[in-house]
Every structure is written in structure tokens, then in C-alpha cells.
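Here is how the chains run, residue by residue.
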Amino acid sequence: GTVSINELSWLKKPPHPSKLFNVGDTVDVKITEIDEDKRKLACSIKQTKENPWSKLTDQFNVNDSFDTEVVNIVDFGIFVKVHEEIDGMVHVSDLDWDEKECQKILEGFKKGDKVKVKILEINIEKERISLGIKQLTNDPLQNFVDSNPLKSKVTGKIVELDEKFLKVELSDQVFGFIKKINLSRDKLEQKTDRFAVGEQVDSIIISVDQKSRSLNLSIKEIEIIDEKEALTKYGSSD
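The sections below set out a description of the structure shown in this document. All figures in this text were calculated on a predicted structure; none of them were measured in a lab.

About the cut-offs
- Throughout this description, residue numbers start from 1 for each chain and increase along the sequence as written.
- With pLDDT at 70 or above as the cut-off, local features in this predicted model cover only qualifying residues; side-chain atom pairs require 80 or more to be listed or tallied, and sums for whole chains, interfaces and linings still use all residues.
- Derived side-chain values reflect all non-hydrogen atoms in the structure, with water molecules and hydrogen atoms excluded from consideration.
- Here, a strand pair is defined by DSSP locating no fewer than two bridges between the strands.
- Helix numbering and strand numbering both begin at the N terminus, where a helix is a DSSP run of H or I of at least 4 residues and a strand a DSSP run of E of at least 2.
- In this description, a line fitted to the C-alpha atoms serves as the axis of each element, helices being fitted only across the stretch in contact, and the angle between N-to-C directions of two axes falls anywhere from 0 to 180 degrees.
- Whether two residues are in contact is decided by their heavy atoms, any of which lying within 4.5 Å being enough.
- For the exposure calls, accessible area comes from a 1.4 Å probe over protein chains only, and a residue counts as buried if that area is under 20% of its type's maximum, exposed if over 50%, partly exposed in between.
- What the arc describes is the spread of directions from the helix axis to the C-beta atoms.
- Think of a polar contact as two N or O atoms within 3.5 Å of one another; within protein, one of them needs to be a possible hydrogen donor and the other a possible acceptor, and neighboring residues in sequence only count if both atoms come from side chains.
- What is meant by a nonpolar core is a set of buried Ala, Val, Leu, Ile, Met, Phe, Trp, Tyr and Cys residues, joined one to another through side-chain atoms within 4.5 Å.
- Note on definitions: salt bridges are taken to be side-chain nitrogens of Lys or Arg within 4 Å of carboxyl oxygens of Asp or Glu.
- Every patch collects residues that have over 30% relative accessible area and no salt bridge, joining them within 9 Å if they carry like charges and within 5 Å if they are nonpolar side chains (Val, Leu, Ile, Met, Phe, Trp, Tyr).
- Accessibility throughout is a Shrake-Rupley quantity obtained with a 1.4 Å probe, and a residue counts as covered only by protein chains that appear here.

**Overview of the sheet that holds strand β12 (residues 200-209)**
Here is step 1 of the chain: Taking strand neighbours around the barrel as the criterion, the 5 strands line up as β9-β10-β11-β13-β12 in a closed arrangement whose pairing is mixed. Across the sheet, the mean angle from the axis of one strand to that of its neighbour is 55°, orientation sign disregarded.
Here is step 2 of the chain: Bridge analysis of β12 against strand β13 (residues 214-218) gives 5 bridges, and the strand direction is antiparallel. Directly across from Val208, in β13, lies its bridge partner Leu215.
Here is step 3 of the chain: Across the sheet, helix α3 (residues 140-147) lies against β9 (153-161), β10 (165-171), β11 (174-179), β12 and β13, angled at about 35° from β13, the strand it touches most.

This is how it looks when you write it as C-alpha cells:
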């Protein structure tokens, strides 16, 4: 009888048979097909056991976290052991909140490394479980926005100058951008070369860019607010 590699284990990518069995081993199999013309028997080892995916949710739930080990490393992430015959994937983008660090972290992994992961999704039908490592800690961007909602005035340090924008560091792993048009109400003052790297600037949060994981800021908005307050206090633009 023949057991194909796909019938060795419930793992989607079982290891080479030589890593699971030796010649001379006694194993239980289930006959899945009888081909009398070719005088062949197709057998299965995995079908002698219950599909572990059917009871996975009895043991694990979304948002659970657990300690495990790395069993494989690929270009797009790492695979870790969830169950004896179930592996889960941590996508490279879910390794760290700072996307620039993700690739570096991925390259630092090796098989057998101990890691802690959080369950993001369980799909029994597709036999897929998605995991994350960065989700074990709060999103620094979301934490900052929770403390400083839209229209809040914030102070940050300029870390990059460009003809079209200023990049401002507001806190650890939280950055904002002030576009040229938002530097001032006065078009003549909408020049980035008025500023210097390392300078502290005040600005207003006008929107959150989830795609780039940054905040859009405006100095012009401060000027508008200041003028409104002055008009309220003194009664005229004069």
C-alpha cells in the first residue's frame, strides 16, 4: 500500500517521510482506495486520527496568546507550532508596529526560536490560523490618537526636511507630516527652509493616515484658531 505525502499528517506541508518514519516501523493506516486494475492500495495515516482543526476552537480563541516555537521561516513571515499537526503563520508585517523593523526581525529568526504569539483569526473551513507578535503590545499610533484626538495641539521635533513637507517625531514610533500648504496661512511663508532639523514645532492634528501609519499636521490651523480667538476677544480683525 502507498501513503502519499499529503496523507502522512494533517500539517499542510508535512516534513519528508524520513523525518517521521523509519523502514521497519509498524504503523496504522486507513485504506482509502483500492485499484484492482493496477493492483494498488492507497492508504492514509492522517485519517486514522481525528482532524485536529475540528476541535481547534475548543482549545484556542481569537485574541488568545501563547508561547510556542518557530518551525519554518519564509520570505513573507514565520510559521510556528500551534498544535502537534497544526502550524500558524505570523506575516512579516505583524512582527513589529514599525514596518521598517519587520524585515530585520524576520531575518533574525531561526528554527527552534521560542516566541510568544497572539491569535488574530481562525478559519476552520480553510484550515488557516493567522497570528501576530506586534499585537501583543498596544499600537503606539492608536495610543497617541486616543490621548490626542483630532484637532488636538501637539508638539514635536522636526526629524526630516523636504521641499514639500516636514516630518515631525511626536513620540516613540509616532510621526506626523506637515505638508507645505499647511505651514502657514501666508503663501509666502509656506516654505520648509524656514525650519531646521531638530527644531520643536507646535501643530494641530488634522487627520490620521492609517496606510502610512502617520498623522497629518497643520501649523496653519493654529494660526486660524488663534485668529478666531482674537476676533472673539477683541471684536474685529483690526
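**Remarks on the sheet that holds strand β2 (residues 30-35)**
Here is step 1 of the chain: Here 3 strands make up an open sheet; going across it, the order is β1-β3-β2 and the pairing mixed. Lying at the two open borders of the sheet, with one neighbouring strand each, are β1 (2-3) and β2.

**Here's the deal with α3**
Every α-helical turn comprises 3.6 residues, leaving residues that sit three or four positions apart pointing alike.
Here is step 1 of the chain: Of all the positions in α3, only Pro140, Leu141, Phe144 and Val145 are classed as buried. With its buried residues spanning 135° around the axis, α3 presents them on a single face. Facing away from the buried side of α3, by more than 90 degrees, are the exposed residues Asp146 and Ser147.
Here is step 2 of the chain: Residues of α3 that are buried make contact with β9, β10, β11, β12 and β13.
Here is step 3 of the chain: Put simply, Asp139 is the residue that caps the front of α3, since its side-chain oxygen is 3.0 Å from the backbone nitrogen of Leu141.

**A word on the nonpolar core**
Here is step 1 of the chain: Residues Leu56, Ile78, Val82, Leu95, Val117, Ile129 and Leu131 are the most contacted members of the largest nonpolar core, which totals 22 residues.
Here is step 2 of the chain: The greatest single-element share of this core, amounting to 4 residues, is contributed by strand β7 (residues 114-123).
Here is step 3 of the chain: Residues in contact with Val82, not counting those within four places in the same chain, are Leu56, Phe60, Phe66, Asp87, Gly88, Ile129 and Leu131.
Here is step 4 of the chain: Ranked by size, the runner-up nonpolar core spans 17 residues in total, among them Leu141, Leu170, Phe195 and Leu217.

**Digging into the pattern of salt bridges**
Here is step 1 of the chain: According to the stated counting rule, one finds 11 salt bridges in the structure shown.
Here is step 2 of the chain: The residue Lys49 makes a salt bridge to Glu85 at a minimum N-O spacing of 3.1 Å. Within this pair, whereas Lys49 is found in the loop between β3 (40-44) and α1 (56-59), its partner Glu85 is found in the loop between β5 (77-83) and β6 (86-91), the two being separated by 36 residues in sequence.
Here is step 3 of the chain: When the shortest N-O distance is used, the salt bridge between Lys104 and Glu101 registers 3.7 Å. Of the two residues, Lys104 and Glu101 both sit in helix α2 (residues 99-108), 3 residues apart, roughly one turn of that helix.

**Quick word on the environment of Ser207**
Here is step 1 of the chain: By the secondary structure assignment, Ser207 is in strand β12.
Here is step 2 of the chain: Residues Ser207 and Lys55 lie 152 residues apart in sequence; the distance between their C-alpha atoms is 44 Å.
Here is step 3 of the chain: For Ser207, the contacting residues outside a window of four places in its chain are Leu150, Leu215 and Asn216.
Here is step 4 of the chain: A polar contact is formed between the side chain of Ser207 and the side chain of Asn216, at a distance of 2.7 Å.

**A short note on the side chain of Glu85**
Here is step 1 of the chain: The exposure class of Glu85 is buried, given its relative accessible area of 9%.
Here is step 2 of the chain: Looking at Glu85, its side chain comes within polar contact range of the main-chain nitrogen of Trp10, at 2.9 Å.
Here is step 3 of the chain: When sequence neighbours within four positions are dropped, the list of residues in contact with Glu85 reads Ser9, Trp10, Leu11, Lys49 and Pro52.

**Some remarks on unusual backbone geometry**
Here is step 1 of the chain: Not every positive phi belongs to a glycine, and Asn63 is a case in point at roughly 85°.
Here is step 2 of the chain: Turning to its location among the elements, Asn63 is positioned in the loop between α1 and β4 (65-74).
Here is step 3 of the chain: Under the relative-accessibility criterion, Asn63 is labelled exposed at 53%.
Here is step 4 of the chain: The phi angle at Glu127 is positive, at roughly 50°, despite the residue not being glycine.
Here is step 5 of the chain: In this structure Glu127 comes out as partly exposed when scored by relative accessible area, which is 23%.

**So, a nonpolar patch on the surface**
Here is step 1 of the chain: A surface patch of nonpolar side chains, about 280 Å² in accessible area, is lined by Ile31, Ile34 and Leu41.
Here is step 2 of the chain: Along the chain, Ile34 falls in strand β2.

Purely geometric stuff here, so don't read any function into it on its own.
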